[in-house]
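Structural description and commentary
Here are the chains, one letter per residue:
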Amino acid sequence: MDVAVVGCGVIGLSAAVRLQEAGLTVRIVARDLPLETTSNVAAAIWYPYRAYPQTRVLEWGSQTFAAFEELAATQSTGIRMREVKELFRTGVPNPWWMHAVRQIRRCDATELPTGFVDGFVFTTPVAEMPIYLTYLMRRFQAGGGVIEQRAVGVLAAVASEDRMIVHCTGVGAKHLASDPSVTPIRGQVVCVENPGIDQVLLDEGNPDGITYIVPRSADCILGGTAEVGADGLEPDPEVARGILLRCTELEPRLREARVLSHRVGLRPGRPTIRLETDELPDGRPCVHNYGHGGAGVTLSWGCADEVVRLVRTALG
């Protein structure tokens, strides 16, 4: 193969698809298949969250937004454009990312629930991750791609039969890339039946914890947490009760919604996203693509296009 992509979440799959489309032969090597990754836990709305630096995030995010708009035209992709209402308890300036979305406006007074004084309504892509990850995997395999499921201990060993590696392991990069700046950001969510909700609601400033409601075709993802440095994957019942309380206060229709599951994922926090070419001990190139914080879905296609440029340069 020309390229071995290590990691099979949304970042790895998107990069693998784009590399295929660029005419390269690609395989994926990963311990976990897509539906077993942190990506499948994500509420997955397009929204730049805990990803840096802002200038590159805006560039990659804008490219990804445009790609999702195209995918939303096909129902089988799991991508849908939805209206979002983000609420604030104090007045706020315009969001720094506002020019990346097509429709955004400030809430008028009648749209603000009690206790909120400001907010925005905008339209953004929402990915129903079980459907979307399956779509990406099938798209990759339809192009001749192979997924090899096995644990990876050393990057150089993976590349022994390939011309180069693209490294997309998220939190796993702390060990695989010997990068101490990678920090897990634990996120817990509750999945409930959808009682007829269509609008995404965000209340990041809730003093009791970040709060969001993301409706999907048959369920809603309720969140959440952002525990920096925590790496436990077992759902905490007390945390789940807090999530349900905050979300039902924001949207009373959720009070009778049946709980379907509890999930935990580890976002790959890093001071800045690492998207650059490195060299393996044997001299072969390796493109690192990790550290996307809570914005892996939001930046996936823009970063994949950047990966293609770096790989083309590395392979001459």
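Here the structure is a predicted model, which means the values were calculated and not measured.

From N to C terminus, the protein chain includes seven helices and 15 strands. Computed over C-alpha atoms, the radius of gyration of the protein chain comes to 19 Å, within 12% of the 20 Å expected from 2.2 N^0.38 for 316 residues, which places it in the range of a compact globule. A buried classification covers 55% of the 316 residues belonging to the protein chain. Contacts in the protein chain between residues far apart in sequence, at least 24 positions, make up 76% of those at least 6 positions apart. Surface accessibility of the protein chain: about 13,500 Å² in total, with carbon and sulfur atoms responsible for 51%. Counting 31 positive and 37 negative side-chain charges, the protein chain places the centres of these two groups 1 Å from one another.

With that settled, the discussion passes to the pairing of strand β10 (residues 211-215). Most of β10 is tucked away, with five of its five residues classed as buried. In β10, alternate side chains face the same way, and those of T211, I213 and P215 on one face and Y212 and V214 on the other are all buried. Sheet topology places strand β9 (residues 200-203) next to β10; three bridges connect them, and they run antiparallel. Residue pairing across strands places D203 opposite T211, the latter belonging to β10. One ladder, built from four bridges, connects β10 with strand β11 (residues 219-223); its direction is antiparallel. Bridging from a neighbouring strand, I213 pairs with L222 of β11. The loop that links β10 with its antiparallel partner β11 comprises three residues.

On to the packing of helix α1 (residues 10-21) against helix α3 (residues 129-142), then. Contact pair α1 / α3: the axes reach a minimum separation of 9 Å and the direction vectors enclose 30°. By the criterion of interaxial angle, the relationship of α1 to α3 is roughly parallel. The element α1 and its partner α3 pack so that their crossing is left-handed. Here V10, L13, S14, A16, V17, R18, Q20 and E21 of α1 come into contact with α3, specifically with M129, Y132, L133, L136, M137, R139 and F140. For the contact of α1 with α3, a count of residues per class yields 10 nonpolar, two polar and three charged.

A complete count under the given rule lists 26 salt bridges for this structure. Salt-bridge contacts for D305 lead to R18; the nearest nitrogen and oxygen are separated by 2.8 Å. Within this pair, whereas D305 is found in helix α7 (residues 296-315), its partner R18 is found in helix α1, the two being separated by 287 residues in sequence. Looking at R18, the relative accessible area reads 18%, which means it is buried. When the shortest N-O distance is used, the salt bridge between R270 and D179 registers 2.8 Å. Here R270 is found in the loop between β13 (259-269) and β14 (274-279), whereas its partner D179 is found in the loop between α5 (173-176) and β8 (183-193), with 91 residues between them in sequence.

Another aspect to go through is the environment of I213. If you trace the backbone, I213 turns up in strand β10. Sequence separation of I213 and R270 is 57 residues, and the distance between their C-alpha atoms is 26 Å. Ignoring sequence-local partners within four residues, the contact set of I213 consists of I197, Q199, V200, L201, I221, L222, C247, L250, E251 and L254.

For the rest of this paragraph, the subject is α3. Helix length check: α3 (14 residues) gives 19 Å between terminal C-alpha atoms against 20 Å at 1.5 Å per residue, within 8%. Where α3 is concerned, the buried positions are M129, Y132, L133, T134, Y135, L136, M137 and F140.

Let us now look at the pairing of β8. For a regular strand, side-chain orientation follows a simple rule: the groups alternate between the two sheet faces. With nine of its 11 residues buried, β8 lies for the most part within the structure. Relative to β13, β8 is paired through 10 bridges, and the arrangement is antiparallel. Looking at the pairing, I185 lines up with R267 of β13. Where β8 lies against strand β12 (residues 227-228), two bridges are found, and the strand directions are antiparallel.

Conventions used here
Residues numbered from 1 in each chain as written. Predicted model: local features only at pLDDT ≥ 70, side-chain atom pairs only at ≥ 80, totals over all residues. Heavy atoms only, no water. Helix = DSSP H or I, 4+ residues; strand = E, 2+ residues; numbered from the N terminus. Rg over C-alpha atoms; globule rule 2.2 N^0.38 Å. Buried < 20%, exposed > 50% of the residue type's maximum accessible area, 1.4 Å probe, protein only. Contact = heavy atoms within 4.5 Å. Areas by Shrake-Rupley, 256 points an atom, 1.4 Å probe, with all protein chains shown as cover. Lys, Arg positive; Asp, Glu negative; His and termini not counted. Charge placed at Lys NZ, Arg CZ, Asp CG, Glu CD. Pairing = 2+ DSSP bridges. Axes fitted to C-alpha atoms, helices over the stretch in contact; angles between N-to-C directions. Parallel < 35°, antiparallel > 145°, perpendicular 65-115°, else oblique. Left-handed = near helix turned anticlockwise from the far one by under 90°. Nonpolar A, V, L, I, M, F, W, Y, C, P; charged D, E, K, R; others polar. Salt bridge = Lys/Arg side-chain N within 4 Å of Asp/Glu carboxyl O. Expected span 1.5 Å × (residues − 1).

Read these as spatial facts, not as claims about activity.
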